Amino acid sequence: MSQEIIPVYLMPGMAASPLIFENIKLPESQFKLYYLEWFIPYKEESLSDYALRMTKHVKHESPVLLGVSFGGVLVQEMSKHITVSKLIIVSSVKTKFELPLKMQLAKSTGAYKLVPTQLASKVEVFEKYAFGKNITKRLELYRKYLSVNDSDYLSWAIKEIVCWEQEKHNPEIIHIHGDKDPVFPIKHIKNHINIKGGTHIAIINKYKWFNENLPHIITEN
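Definitions and cut-offs
- Residues numbered from 1 in each chain as written.
- Predicted model: local features only at pLDDT ≥ 70, side-chain atom pairs only at ≥ 80, totals over all residues.
- Heavy atoms only, no water.
- Helix = DSSP H or I, 4+ residues; strand = E, 2+ residues; numbered from the N terminus.
- Buried < 20%, exposed > 50% of the residue type's maximum accessible area, 1.4 Å probe, protein only.
- Contact = heavy atoms within 4.5 Å.

## Description of the overall build of the protein chain
Right, on to step 1. Secondary structure summary: the protein chain contains eight helices and six strands in total.
Right, on to step 2. When burial is assessed residue by residue, the protein chain has 51% of its 221 residues classed as buried.
Right, on to step 3. Excluding contacts between residues fewer than 6 apart, the proportion of contacts in the protein chain whose partners are at least 24 apart in sequence is 63%.

Right, here's the structure in full:
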């Protein structure tokens, strides 16, 4: 009897394209990968409503959802609308309490509203505000992997991550996180699977770890 193929839906991080998963290879006898992409939100659309719209792109019952960074927040919201067999987040947060202090301050002061997203076509500006320091080293990487530079989308995405109100997470969520992540520092992250030396882009430069470990993470009970 042939083994049932497990559908795995992959959601990239803020403004990123599915290209970030280009090196993720799982055994084709067990898994089939499907790639979700960001679309432009409606004006004043809530994250929950956006997540509901994103679920329309999921064509299987009880799939695996895996999201990176802000995509990890989104798949958690999606899982409130559909049944999933596994919920996996990478380089992300499970609750508002895992957000770094600078993001919490940005919420309380409203500073997130001052990010010049209208300059998003300039990769250097977007990197500085959305991804942190060490801009020069990352320029080529972001030019390759960033796919959305719409100002309305970016303003919406930054607001939704900074102002995310989730206080309790799904107890069965699987959280994979690098111990060198500068965006969501490991000191704030609870109950996770650690990737030694992993940064915020672990899904890209630690892909061998994912290819080796994801199969049993997904299939274990």
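## Focus: the environment of L101
Right, on to step 1. Examined against the element boundaries, L101 turns out to sit in helix α3 (residues 101-109).
Right, on to step 2. Considered as a pair, L101 and F184 are 83 residues apart in the sequence and their alpha carbons are 9.8 Å apart.

## Structural notes on unusual backbone geometry
Right, on to step 1. Non-glycine residue S91 carries a positive phi angle of around 50 degrees.
Right, on to step 2. On the secondary structure map, S91 appears in the loop between β4 (86-90) and α3.
Right, on to step 3. Its identity is not glycine, yet N191 carries a phi of approximately 50 degrees, on the positive side.
Right, on to step 4. Positionally, N191 belongs in the loop between β5 (174-178) and β6 (193-195).
Right, on to step 5. Note on N191: relative accessible area 65%, which makes it exposed.

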